[in-house]
Amino acid sequence: MSGLPILSLAVWVPIFAGFIVLFAGADRNSPRARMLAIAGALTGLLVTLPLYTGFDTTTPAMQFVEILPWIPRFDIHYHLGVDGISMLFVILNSFITVIVVLAGWKVIESKVAQYNACFLIMSGLLNGIFTALDGMLFYVFFEASLIPLYLIIGVWGGPRRVYAAFKFFLFTLMGSLLFLVSLIYLYFDSGSFAILDWHRMPLPLATQQWIFLAFLAAFAVKVPMWPVHTWLPDAHVEAPTGGSIVLAAIALKLGAYGFVRFSLPIAPDASQAFSGLIIGLSLIAVVYIGFVALAQEDMKKLVAYSSIAHMGFVTLGFFLFTPLGVEGALVQMISHGFVAGAMFYCIGVMYDRVHSRQIADYGGVVNTMPKFAAFFMLFAMANAGLPATSGFVGEFMVIMAAVKFNLWIGFIAASTMILGAAYTLWMYKRVVFGAVGNPHVAELTDVTRREFLVLALLAACALGMGLYPQPVTEIMHSSVDELLRHVSVSKIQ
Amino acid sequence: MEMQKLYLLVPLAPLLGAIVAGLFCRVIPRRLAHAAAIAGVAVAFVASIFIWNDVAAGHTFDGTVYRWLSSGDHVFQVGFLIDSLTVTMMLVVTFVSLMVHIYTIGYMHDDPGYNRFFSYISLFTFSMLMLVMSNNFMQLFFGWEAVGLVSYLLIGFWYTRPTAIFANLKAFLANRVGDFGFILGIGLVLANFGTLDYQPVFAQARDLAGATISLFPGGDSSTVSLLSVTCILLFIGAMGKSAQVPLHVWLPDSMEGPTPISALIHAATMVTAGIFMVARMSPLFELSDTALSFVIVVGSITALFMGFLGVIQNDIKRVVAYSTLSQLGYMTVALGASAYSVAIFHLMTHAFFKALLFLAAGSVIIGMHHDQDIRNMGGLRKYMPITWLTSLIGSLALIGTPFFSGFYSKDSIIEAVKLSHIAGSGFAYFSVMAGVFITAFYSFRMYFLVFHGEERFGKPHAGTQGHDAHAGDHDDRKTVEHHGLAPGQKPHETPWVVTVPLVLLAIPSVFIGYVTIEPMLYGGFFGDAIFVDGQAHPVMEELTRDFQGALAMAAHALSSLVFWLALAGVISAWFCYLKMPGIPAAAKAICGPVYTLLENKYYFDQFYERVFAGGARLLGRGLWRGGDAGVIDGLIVGGSVRVVGGIAMLARLFQSGHIYHYAFTMIFGVCALLSIWLLRA
């Protein structure tokens, strides 16, 4: 390990870059703001690469650890570190930030500096969430990261953005407060805010159950799990393309990450006790949401619902408590970052030209945008879980683990094979195939070089991870084993 | 070491061809695109011949190319299993693919999507090779889905046509229903065998023969054999890919794709993947009589009832498509009778003569200027001699004329079913026998209508069923499309790139059965690649005992019922469609309801569209409007907003800001307190 505080750089470089962009790029100087933003995003990605190259896959222990006292009176520390689970999300997040800055390059014309600054600052805060090892630090990052997202939806969003933001607020408020209460309870019980101490702390079953439910209230909304999912389609519809990409690729992962970092290791007995509930909710997400997605007329809503169904696979995989299930869920999280991000980007590319997200306003896009149609096909297939794309790997692993657990749970989960293909490809058929549907479609121009670059980057990730997922899962093994050890050992004394 | 490089070369050469033709399809000239694609497939074909030689010398291979994924105790890898079964499939796939590649130069000549088409069919060849060469279930599934993807892309190749993009979605979803069962079967294999690699799974199969699984919680009464459930689930995958009833609905519609792919994908190779898969899994299927019965019954239903539908089709491609469905049923029946090698044998002969028939149909379609209705043809023999002769050979092979390749494979299936004692084999025997007559009838109905009799082309005609038209004809042209020959115009023979593949396919259609029946079925060619439990299912042993050489078999057939049934079929077709052309109309009038049932294809499509497609959309809308918008957003979220709002409304009443409200309240309070105090006192 080198002497550089790599995790601090991962957190603070984007935030610092964000403020530079904010102050340096006035409205009349948007080209400079864009250049600074991309430089900041690339630097942000660059500083996270040593995490991959210097990572030790043999140990489940936290690596690249930094610890400084922050509020000594309550034993709160500025405590960062990554394991084989969180490290991947730091890199994913930094990569997606580059994509998002590129995605908004020509599209965002008003308040360019502020827009890019929001994303950069959020990127740093999200890295903070994935690396924080102190409960209070985590909470601060967790809540703070919402502010840029609110701004992005609220300022650059669609006509019903206030409704969407308010709905999101309503859903999160309760969960966040219960989460805070649990953190404080755990502090009083253990005298420490260190998450790793909490992992080792014995707790009676009743306490674990209350803590589990409080965590669930916070994380289920973020995932989102059925039935607290209805904020997501509205938020996506109102968000600008970049906002949707970050929301789908990273923000949705926070809830699932919370389960891995908090719920499972801190309340293992309660996790076991409530596993039936979570599995049930996850299966509802897969089937119920699959049908709802089929009925959507707005492309963004359709992909938003499909995200919920895919995240159902994540929660399902976690609560099967087997390496295959948990790693499958983690792979699904990363893959969903690429694939859902790409799907939202594809919709954005069309929206920028036609200014509609309604499926009915399209038809025959392939005639005028053949290159785009080829990329969109790839991502649609990845969304439907076709082998050789990353979308298959996680689904395959979780279905395998589910069948092993119980054939019927596997049966319900595998229905996504049919439903996922049905809603994705039916949309693709109506939007892309067919004769030119209307004059707007006839006037479409194919992707620009910048759009091509974004699509090609995401396509390379989706294909690469589908063809050779081993390098990704290798990183997880030790940490997942450690996690499952925590879950299997009772904390009741 | 050298051989292993050759193994890698087989799938990678077509992949490279596909990448060159596909990624640069807008830049490179057509000549380069088809050269790259054809070179790739040709290399794969030549390499396959070398590998075949090597395997014939007794060298098999089972090894890993790379580790795809590991998790917990499970390791999934990409690897090859090269044995006689694999190499048979490799030869069939690469040979037919090569023929189709060459043919495409002529067939797709005018199409703007020329390069894209070559890219797709090379990609298909790669996928199919990955499927057959796999040494594990995961890669099998990869190939399985990849061929499905390419099939989807190719059925919808002319993406501006509504029927084509309807058909490709339908095909993908019907296949996904099969894959749904398939992946559950794979899941059960992993759960119970601990690995997805073929060899260790097959090695453990016998130990798990007695294992049971509880399908429903509670009671011993609900346990069933683990292997039966696994095999039936795996077979559901085969039912999707190999178009067995009731998942067959996609195959006739897949004729929306260009004819070369109908020959390659929807006749010779992809649709036979299910047959190959079951033969590959023979060590599992052999241990479950329940699964074998299921297989044989599904196969015989498909063989018989899809044959009936062939009789009433008027689109030349659809006749061949229903015949393919019926023949796939025959192969499935052979699998159910534990005659796996016979199924693979029929798969191989069928690949040649059915690819031939499809390509010949395509040649007719070119000659007829994209009119596909056989009612508008007739007498083409004169104008298209090569197409005519090769079609005749293909038809004779299909109906099982002695000495032709189809005879050897089909007759072996019938004999195997006759000897089988598995439950359902009686019905299967009836189906395959009746099927012989029907096959001969519809094949020669088509043959006579197309090549003999009155010349009906060049006249104004009532509606046609479908057109294999090129996208170029459709590009936003507002004019009415013209298909078929103009009055006075004559059909013409097709160029050499079309006829040479016909001839090259006609040769094996005649001879391959005669040459290979002895080594493949009775000479132990498949060796360990196919496992048959000789004690429980002695079909192959009895067949071997009765076999006295290929010549004797054909000579003997002349006195068998099968031969006379086929002959009766041909004569009936001749009588009904050449001698007395009034009969079909009369027959149609007499058996009205039956005809309506056939015309509607037993109402499978209508049923699926109404119940499954319509039902799913209705349910989706109901859950969305009712569940999400109604209950969750309306009642719970909206409700809590209203409760908060209501409380706030109440609270607001007390803080109106008007001084007289406060004064009034104060006075009211004072009065109330005074009253209470006074009353108490």
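Since the structure is predicted, the reported quantities are computational estimates derived from the model, not experimental observations. (Residues numbered from 1 in each chain as written. Chains lettered and ligands numbered in written order. Predicted model: local features only at pLDDT ≥ 70, side-chain atom pairs only at ≥ 80, totals over all residues.)

Thoughts on the overall build of chain A
Here is step 1 of the chain: When its secondary structure is counted, chain A shows 22 helices and two strands.
Here is step 2 of the chain: The C-alpha atoms of chain A give a radius of gyration of 21 Å, which matches the 23 Å a tight globule of 493 residues would have.
Here is step 3 of the chain: Taken along the three principal axes of its C-alpha coordinates, chain A extends 70 × 55 × 40 Å.
Here is step 4 of the chain: Looking at chain A as a whole, 63% of its 493 residues qualify as buried.
Here is step 5 of the chain: At a minimum sequence separation of 6, the contacts of chain A that also span at least 24 residues come to 81%. (Helix = DSSP H or I, 4+ residues; strand = E, 2+ residues; numbered from the N terminus. Rg over C-alpha atoms; globule rule 2.2 N^0.38 Å. Buried ≥ 20, exposed ≤ 12 C-beta atoms within 10 Å, placed from the backbone. Contact = placed C-beta atoms within 7 Å.)

Some remarks on the packing of helix H9 (residues 205–222) of chain A against helix H12 (residues 268–294) of chain A
Residue and element names in this part refer to chain A.
Here is step 1 of the chain: Orientation of H9 relative to H12, taken along the N-to-C sense of each, is 70°, at an axis distance of 8 Å. For the element pair H9 / H12, the angle class is roughly perpendicular. H9 and H12 meet at a crossing whose hand is right-handed. The residues of H12 that touch H9, namely those facing Leu205, Gln208, Gln209 and Phe212, are Asp269, Ala270, Ser271, Ala273 and Phe274. (Axes fitted to C-alpha atoms, helices over the stretch in contact; angles between N-to-C directions. Parallel < 35°, antiparallel > 145°, perpendicular 65-115°, else oblique. Left-handed = near helix turned anticlockwise from the far one by under 90°.)

Some remarks on the interface of chain B and chain A
Here is step 1 of the chain: If you look at the interface, chain B gives 43 residues, while chain A gives 44 residues.
Here is step 2 of the chain: Counting residues per element, the ones that place at least two in the side of chain B that touches chain A are strand E1 (61–71), helix H5 (137–155), helix H6 (162–193) and helix H25 (604–653) of chain B.
Here is step 3 of the chain: The residue makeup of the side of chain B that touches chain A, split by class, is 25 nonpolar, nine polar and nine charged. (Nonpolar A, V, L, I, M, F, W, Y, C, P; charged D, E, K, R; others polar.)

Examining the nonpolar core
Here is step 1 of the chain: Membership of the largest hydrophobic core comes to 446 residues, with the highest contact counts inside it found for Phe379 of chain A together with Phe235, Ala334, Ala343 and Ala355 of chain B.
Here is step 2 of the chain: At 20 residues, helix H15 (residues 340–367) of chain B tops the list of elements feeding residues into this core.
Here is step 3 of the chain: Apart from the residues lying within four places of it in its own chain, the contact partners of Phe379 of chain A are Val339, Ala342, Met343, Cys346 and Ala462 of chain A. (Core = buried A, V, L, I, M, F, W, Y, C linked by C-beta atoms within 7 Å.)

Some thoughts on helix H22 (residues 470–488) of chain A
Here is step 1 of the chain: Compared with the 27 Å implied by 1.5 Å per residue over 19 residues, the 25 Å span of H22 of chain A between its first and last C-alpha is a close match.
Here is step 2 of the chain: Among all positions in H22 of chain A, only Val472, Thr473, Ile475, Met476, Ser479, Val480, Leu483 and Val487 of chain A are buried.
Here is step 3 of the chain: Where H22 of chain A is buried, its residues meet helix H3 (86–103), helix H11 (241–266), H12, helix H14 (323–354) and helix H21 (449–467) of chain A together with E1 of chain B. (Expected span 1.5 Å × (residues − 1).)

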